[in-house]
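Commentary on secondary and tertiary structure
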Amino acid sequence: MPFYPWLLVLILAIAAFLVMAVRGHDRAAAVLLAVAATVLIFVLPPDFATAPDTQPLRDQIWALYGQLPKVSGMHIATISIILLIGIVVLLAIGMPLGFASGFLAVVVLYLRFGPDVLFRQFGTGPYSVFSQRIYGLMTDYVIISVPLFIFMASLLERSGLARDMYGSLNIWLSRTRGGIALVTAIMAIIMAAMSGIIGGEVVLLGLIALPQMLRLGYNQNLAIGTICASGSLGTMIPPSIVLIIYGLVTETSIQKLFTAAFIPGFILASFYLIYIIVRTQLNPSLAPLPEPRDDDLVGWQKPVRFAAFLMTLFSGIAVAAGLLLLAQGTVGGRTSGFFTTDPVIDAVGLFVAAVVLLLFVSVVFGRRIAGEGWAMGKGLVAPMVVVFVVLGSIYGGVTGITEAAGMGVVAVLLFIILRGEFTWSLFYQSLQRTFKSTGTILMVTFGATVLAGSYSIAGGPAYVANLITGADLPPMTVILIMMLIFLFLGALMDWVGIVLLVMPVFLPIILKLDLGMTAGDARIWFGILFCVNMQVSFLSPPFGPAAFYLKSVAPPHITLPDIFKGFLPFIGIQLLVLVLILLFPGLTLLLV
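Everything numeric in this text was worked out from a predicted model, so none of it was measured.

A few words now on the overall build of the protein. Broken down by element type, the protein carries 26 helices and zero strands. The proportion of buried residues among the 592 residues of the protein is 46%. Residue pairs at least 24 apart in sequence account for 77% of intrachain contacts in the protein once pairs closer than 6 positions are excluded. About 27,400 Å² of surface is accessible on the protein, with carbon and sulfur atoms providing 71% of the total.

Structural data, given as structure tokens:
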């Protein structure tokens with residue numbers, strides 16, 4: 001096809017695509033773009049022999065380029081100050097972090113090496129590291145787990161699984177002081193162990209739990225803080241996406257990071273629960289009990305049924321684990337079990353344990369009590385199965401993280417189908433949310449990776465490392481300074497940008513410090529410290545994202561200052577856990 005008609009068709013196709021996209025016809029715009037690209041590239045490719053000679057235009061551009069001021073050789077200290085001021089200003093005026101990072105990468109290269117490195121030499125020599133780093137990060141197999149976990153969380157938000165889980169937990173704890181707040185926190189812990197996402201959890205809990213707590217007369221600050229603090233646990237409790245990205249950027253074992261985060265994550269969750277219990281016991285007016293009903297279980301009736309339910313559930317999990325071990329030991333070639341060196345023996349042991357549990361339930365509790373307990377707790381079955389599939393696959397050595405994420409998505413989809421809730425609209429909306437969230441992460445990743453690479457080539461990490469180590473400060477003082485920087489940056493930018501921008505600078509310093517541990521342990525410990533800092537950043541004013549997630553579904557009378565006020569006690573708990581991990585690194589390394 002002659003070049004000029006081809007170019008005209010291309011311009012018209014792009015214009016039509018933009019018009020459709022602006023008017024909200026996303027599907028039609030996507031179809032048009034795909035058809036136009038296919039036709040113009042494969043069916044009617046352009047004949048470039050008929051294209052105009054662009055050499056005169058290129059000569060004029062290079063002549064203008066020669067008139068640019070040849071700024072180069074600026075000291076890295078000055079560049080670092082410009083970079084810090086630039087990132088704060090650009091984020092303050094609302095520029096997305098991905099674009100701000102890309103722009104500042106160009107500024108760093110221009111100030112340090114002059115314009116030639118951008119126009120005449122870009123992509124050659126050491127500057128090919130940009131494309132290599134982006135390509136290496138994007139083609140890492142583990143990163144596939146990120147959209148899978150986001151997809152799982154999106155399906156959970158739109159299905160009735162979460163509401164049924166909330167209903168079951170509410171049955172068990174409704175007559176407990178502060179019971180609705182405890183239900184909310186426990187539900188958040190389970191959802192964090194399912195998908196490792198925070199935004200959807202806060203919104204979902206805001207829709208389900210906040211109206212009920214306010215209706216029952218719960219203290220507004222307690223309700224808000226419980227929802228947002230516990231809803232942000234996805235950054236700490238495996239499978240955390242924050243830990244996945246940290247592991248990819250720092251080349252740290254993600255499975256070891258998950259193992260290391262287990263104890264700190266559940267210490268933080270336990271502190272939330274203890275705080276709710278203690279505060280509501282000391283001041284009962286913060287969490288009034290609901291009005292009693294005639295059918296309420298009293299005394300030991302509820303604990304007995306809960307025990308029967310748990311034993312029945314554990315027997316089912318034991319059977320599932322036994323079947324998995326048996327299949328792997330006989331067909332999959334597995335050579336070791338969970339408890340012994342023979343997976344078949346372990347499988348038989350699990351089957352025997354399941355039978356013993358069921359016999360115990362039948363004899364001690366009876367079929368009626370067991371049936372009532374199951375009816376009261378059946379909303380917990382699907383979430384616990386998903387947690388078992390995801391975390392059991394990872395910690396049991398059955399699969400890797402990516403495969404576990406895929407199995408979790410399949411498990412959630414199967415439950416949605418079995419419950420009769422599956423619709424193509426639900427599936428499409430979940431996919432749409434997944435693509436948007438993943439696209440945001442990738443955009444920040446591209447920009448921040450290029451900026452980190454530019455700063456590294458300019459000598460920034462070495463300068464900062466020499467500056468800090470040359471000050472001869474105690475290791476703990478250096479780490480405290482880093483924690484303060486994390487807290488400051490966490491109030492301004494997304495965690496993805498902090499990982500990609502700051503870790504290449506801070507991690508080499510950490511590895512040089514005398515911390516009394518190996519380099520591998522230092523990477524893991526510092527990663528857990530970073531996650532706790534990000535916990536604080538999700539609640540920190542003025543830009544704590546958890547506040548904006550909750551505000552989007554909160555009643556109109558709850559303002560952003562009210563929301564941030566409710567965060568204060570929980571931020572104190574997070575800082576307490578941060579201090580514990582700083583003073584006792586063994587909390588993170590005990591299971592590794």
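In terms of nonpolar packing, the biggest core is built from 161 residues, with Met187, Phe526 and Phe567 touching the most fellow members. If we skip the residues at most four places from it in the chain, Phe567 touches Ile224, Gly225, Cys228, Leu539, Ala546 and Ala547. Listed in part, the six residues of the second largest apolar core include Ala318, Ala321, Leu325 and Leu350.

Overall, the coordinates contain 14 aromatic pairs when judged by the stated rule. Here Phe151 and Phe427 contribute two aromatic rings whose centre-to-centre distance is 5.7 Å and whose plane-to-plane angle is 85°, an arrangement assigned as edge-to-face. Separated by 276 residues along the polypeptide, Phe151 in helix α8 (residues 145-158) and Phe427 in helix α19 (residues 424-457) bring together distant segments of the chain. According to the relative accessible area criterion, Phe427 is partly exposed, its value standing at 21%. Relative to Phe365, the ring of Phe360 lies with its centre 6.1 Å away and its plane at 80°, an arrangement referred to as edge-to-face.

The subject of this paragraph is the packing of helix α9 (residues 161-173) against helix α11 (residues 199-215). Running from amino to carboxyl end, α9 crosses α11 at an angle of 35°, the nearest separation of the two axes being 11 Å. The crossing of α9 and α11 is right-handed. Judged by residue contacts, Ala162, Arg163, Tyr166 and Asn170 of α9 engage Leu204, Ile208, Ala209 and Gln212 from α11. Split by residue class, the contact of α9 with α11 holds five nonpolar, two polar and one charged.

What follows is about helix α14 (residues 254-282). Look at α14: 41 Å from first C-alpha to last across 29 residues, which is about the 42 Å you get at 1.5 Å a residue. Maximal helix bending in α14 amounts to about 35°, located at Phe262; proline Pro264 follows within four positions.

This part is about the state of the cysteines. Scanning the model with the defined rule gives zero disulfides in all. No disulfide involves Cys531; its sulfur sits 19 Å from that of Cys228, the nearest cysteine. Classification of Cys531 as buried rests on a relative accessible area of 1%.

Moving on: the packing of α8 against helix α18 (residues 401-418). At their nearest, the axes of α8 and α18 sit 9 Å apart, and the two run at 20° to each other. One way to sum up the angle between α8 and α18 is to call them roughly parallel. Of the two elements, α8 crosses α18, and the hand of that crossing is left-handed. For the pair formed by α8 and α18, the contact residues are Ser145, Leu148, Phe149, Phe151, Met152, Leu155 and Leu156 on the first element and Ile401, Thr402, Ala405, Gly406, Gly408, Val409, Val412, Leu413 and Ile416 on the second. Here the residues of the contact of α8 with α18 sort into twelve nonpolar, four polar and no charged.

Before going further, it helps to spend a moment on unusual backbone geometry. In this model, Pro238 is joined to Pro239 through a cis peptide bond whose omega is 5°. For Pro239, the position within the fold is in the loop between α12 (220-231) and α13 (241-250). With a phi close to 55°, Glu251 is a non-glycine residue in the positive phi region. In this fold, Glu251 is placed in the loop between α13 and α14.

With the rule as written, the count across this model stands at four salt bridges. Here Arg368 makes a salt bridge to Glu372, at a shortest N to O gap of 3.1 Å. Pair noted here: Arg368 and Glu372 are both in helix α16 (residues 343-377), with a separation of four residues, about one helical turn. We note a salt bridge from Glu421 to Arg419, for which the minimum N-O separation is 2.9 Å. Overall, Arg419 belongs to the partly exposed group, its relative accessible area being 33%.

As a further point, take the environment of Gly397. Inspection of the secondary structure assignment puts Gly397 in the loop between α17 (381-395) and α18. Sequence-wise, Gly397 and Gln255 are 142 residues apart; in three dimensions their C-alpha atoms are separated by 9.7 Å.

Once that is clear, we can look at the side chain of Thr184. The residue Thr184 is located in helix α10 (residues 179-195) in this model. Its relative accessible area of 0% is what places Thr184 among the buried residues. Among all residues touching Thr184, those that are not within four sequence positions of it are Tyr166, Leu205, Ala209, Met213, Thr226, Ile227 and Ser230.

This part covers the environment of Ser253. When you line up the elements, Ser253 lands in the loop between α13 and α14. Judged by its relative accessible area of 33%, Ser253 falls in the partly exposed class. Taking the C-alpha atoms as reference points, Ser253 and Leu273, separated by 20 residues in sequence, lie 30 Å from one another.

Rules and cut-offs
- Residue positions are given per chain, counted from 1 along the sequence in the order it is written.
- In keeping with the predicted nature of the model, local features appear solely for residues at pLDDT of at least 70, side-chain atom pairs appear and are counted solely at 80 or more, and the whole-chain, interface and lining totals rest on all residues.
- Water and hydrogen atoms were dropped before computing side-chain values, which therefore reflect all heavy atoms in the structure.
- A run of DSSP states H or I qualifies as a helix once it reaches four residues; a run of E qualifies as a strand once it reaches two. Both are numbered from the N-terminal end.
- Only protein chains enter the area calculation, which uses a 1.4 Å probe; residues under 20% of their type maximum are buried, those over 50% are exposed, and those in between are partly exposed.
- Pairs of residues are marked as contacts when any of their non-hydrogen atoms sit within 4.5 Å.
- Exposure was quantified through the Shrake-Rupley algorithm and a 1.4 Å probe, taking into account, for residues, occlusion by the shown protein chains and nothing else.
- Only buried Ala, Val, Leu, Ile, Met, Phe, Trp, Tyr and Cys residues count toward a nonpolar core, and they belong to the same one when joined by side-chain atoms within 4.5 Å.
- Note on ring pairs: Phe, Tyr and Trp rings are taken, using the six-membered ring of Trp, and paired if centres are within 6.5 Å. Classes follow the plane angle, with under 30 degrees stacked, over 60 edge-to-face and the rest tilted.
- Axis lines are fitted to C-alpha atoms, over the contacting stretch for helices. Their N-to-C directions set the angle, which ranges from 0 to 180 degrees.
- Here a crossing is taken to be left-handed if its near helix is turned anticlockwise relative to the far helix by less than a right angle, and right-handed if that turn runs clockwise.
- Under the grouping applied here, Gly and all other residues not named as nonpolar or charged are polar, the nonpolar ones being Ala, Val, Leu, Ile, Met, Phe, Trp, Tyr, Cys and Pro and the charged ones Asp, Glu, Lys and Arg.
- Expected helix span is given by 1.5 Å per residue-to-residue step, counting one fewer step than there are residues.
- Bending is quantified residue by residue as the angle between axes fitted to the seven-residue window ending at that residue and the seven-residue window starting at it.
- Criterion for a disulfide: a pair of cysteine sulfur atoms at a distance within 2.5 Å.
- Working rule for angles: under 35 degrees goes down as roughly parallel, over 145 as roughly antiparallel, 65 to 115 as roughly perpendicular, anything else as oblique.
- For salt bridges, the criterion is a side-chain nitrogen of Lys or Arg within 4 Å of an Asp or Glu carboxyl oxygen.

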